[in-house]
Amino acid sequence: MRLRIGRTTARAATAGALVVALFGTAACTGTAPGGPAAAGSAPASTGSPPAPTDPAAAAPPAAPAPVPDVLRFTGTTLGGAPFDAARLAGKPVVLWFWAPWCATCASQAWTVAEVAPKYRDTVPIVGVAGLGERKAMKEFVTEFDLGDTPQIEDGKGVLWKRFKVTEQSVFVIIDRNGAIVHRGFLDGEALTAKVAALAGA
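Note that the structure is predicted; figures quoted are calculated from it, not measured. (Residues numbered from 1 in each chain as written. Predicted model: local features only at pLDDT ≥ 70, side-chain atom pairs only at ≥ 80, totals over all residues. Heavy atoms only, no water.)

Can you lay out the overall build of the protein for me, pointing to particular residues and giving the numbers?
Helix and strand counts for the protein stand at 6 helices and 7 strands. Reading the protein from its N end, one meets helices and strands in the order α-α-β-β-β-α-β-α-β-α-β-β-α. Taking all 201 residues of the protein together, the buried fraction comes to 33%. When contacts within the protein are restricted to residue pairs at least 6 apart in sequence, long-range pairs at least 24 apart make up 69% of them. (Helix = DSSP H or I, 4+ residues; strand = E, 2+ residues; numbered from the N terminus. Buried < 20%, exposed > 50% of the residue type's maximum accessible area, 1.4 Å probe, protein only. Contact = heavy atoms within 4.5 Å.)

Quick look at the structure:
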């Protein structure tokens, strides 16, 4: 009889120990036994603040610059590509009127070839070739390494007349507001200085 009582007592003690162990595990994990947190309970906060909104991403795109009348012209480059001056709106622009047989133009070509790529995105330089044959114009561009600079073919002098150019070599400089701020001759040093000043304005 004593033996049975001892066994019963031992079994009860063992069962009690298992219950305590199970409740102890539940307390460590923070989850009720048998599954995740009850439905409808609020999710635990991570403590991280919401990501800030980028003002630039929410801002509308900038409106294109208005096209001044002086840049409302089109043409074709010596390479045969269409050219639309309206795309230069909002930037200072240098138009270089030259002829393929002109010795002065040849002396300026080296400066143009050096300066134009450097300021391509800030002060575009565009050549306007006239008073000559197309073949000679293309040879001039090749000889003086001007292929990276737009060169408009103006054999009929349409743009020369539009900008009141009567001789070569002439530079017409247009500021970012569309005002002509220079029309006439420039040597290499003066051209470089003016383009650099426009780029920094």
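Now, about the packing of helix α3 (residues 103–118) against helix α6 (residues 188–200): what can you tell me, with residues and values included?
Packing of α3 against α6 leaves a shortest axis separation of 9 Å and a crossing angle of 20°. Judged by the angle between their axes, α3 and α6 are roughly parallel. Crossing of α3 against α6: the hand is right-handed. Residues Thr111, Val112 and Val115 of α3 form the contact with α6, whose own contacting residues are Gly188, Leu191, Thr192 and Val195. (Axes fitted to C-alpha atoms, helices over the stretch in contact; angles between N-to-C directions. Parallel < 35°, antiparallel > 145°, perpendicular 65-115°, else oblique. Left-handed = near helix turned anticlockwise from the far one by under 90°.)

An account of the pattern of salt bridges is needed here, citing residue identities and associated values.
A complete count under the given rule lists 3 salt bridges for this structure. When the shortest N-O distance is used, the salt bridge between lysine 135 and glutamate 139 registers 2.6 Å. Here glutamate 139 and lysine 135 lie together in helix α4 (residues 134–143), a separation of 4 residues that amounts to about one turn. Residue lysine 135 is classed as exposed on the basis of its relative accessible area, which comes to 60%. Its relative accessible area of 43% is what places glutamate 139 among the partly exposed residues. (Salt bridge = Lys/Arg side-chain N within 4 Å of Asp/Glu carboxyl O.)

Can you tell me about the environment of proline 150, naming the residues and giving the values?
Secondary-structure assignment places proline 150 in the loop between α4 and β5 (151–153). Taking the C-alpha atoms as reference points, proline 150 and leucine 78, 72 residues apart in sequence, are found 8.3 Å from one another.

Report on unusual backbone geometry, specifying residues and quantitative values.
Backbone torsion omega between glutamine 168 and serine 169 reads -5°, so that peptide bond is classified as cis. The backbone phi angle of aspartate 145 is positive, close to 55°, even though this residue is not glycine. The exposed category is assigned to aspartate 145, whose relative accessible area is 59%.

Before we move on, can you summarise α6 with the specific residues and values?
If you check α6, its first and last C-alpha atoms are 19 Å apart, about what 13 residues at 1.5 Å a residue would give, namely 18 Å. When we look at burial in α6, the residues that qualify are Leu191, Val195 and Leu198. Considered in projection along α6, the buried side chains sweep an arc of 60° and stay on one side of the axis. Opposite the buried face of α6, at more than 90 degrees from it, the exposed residues are Glu189 and Gly200. Elements that come into contact with the buried residues of α6 comprise β3 (93–98), α3, β4 (125–129) and β6 (170–174). (Expected span 1.5 Å × (residues − 1). Arc of directions from axis to C-beta.)

Talk me through the nonpolar core; I want residue IDs and the actual numbers.
Of all hydrophobic cores here, the largest spans 28 residues; its most connected members are Val94, Trp96, Trp98, Val112, Phe140, Leu146 and Val195. Mapped by element, the contributors of at least two residues to this core are β3, α3, β4, α4, β6 and α6. Beyond its immediate chain neighbours, meaning those up to four positions away, valine 112 contacts Trp96, Pro117, Ile125, Leu146, Phe171 and Leu191. Counting 19 residues, the second-largest nonpolar core is a separate cluster that includes Phe83, Val126, Leu159 and Val172. (Core = buried A, V, L, I, M, F, W, Y, C linked by side-chain atoms within 4.5 Å.)

Outline the sheet that holds β5, supporting the account with residue identities and numerical values.
Taken together, 5 strands build an open sheet; the order of strands is β5-β4-β3-β6-β7 and the sheet is mixed. With one partner strand each, in any of the chains shown, β5 and β7 (180–184) form the two edges of the open sheet. Within this sheet the neighbouring strands show an average axis-to-axis angle of 15°, counted without direction. With 3 bridges joining them, β4 and β5 adopt parallel strand pairing. By the bridge assignment for β5, alanine 129 is matched with glutamate 153. Relative to β3, α3 is tilted by about 155°, and along the sheet it contacts β3, β4 and β6. Relative to the sheet, α4 contacts β3, β4 and β5, its axis offset from that of β3 by approximately 125°. (Pairing = 2+ DSSP bridges.)

Function cannot be inferred from these measures alone, as they are strictly geometric.
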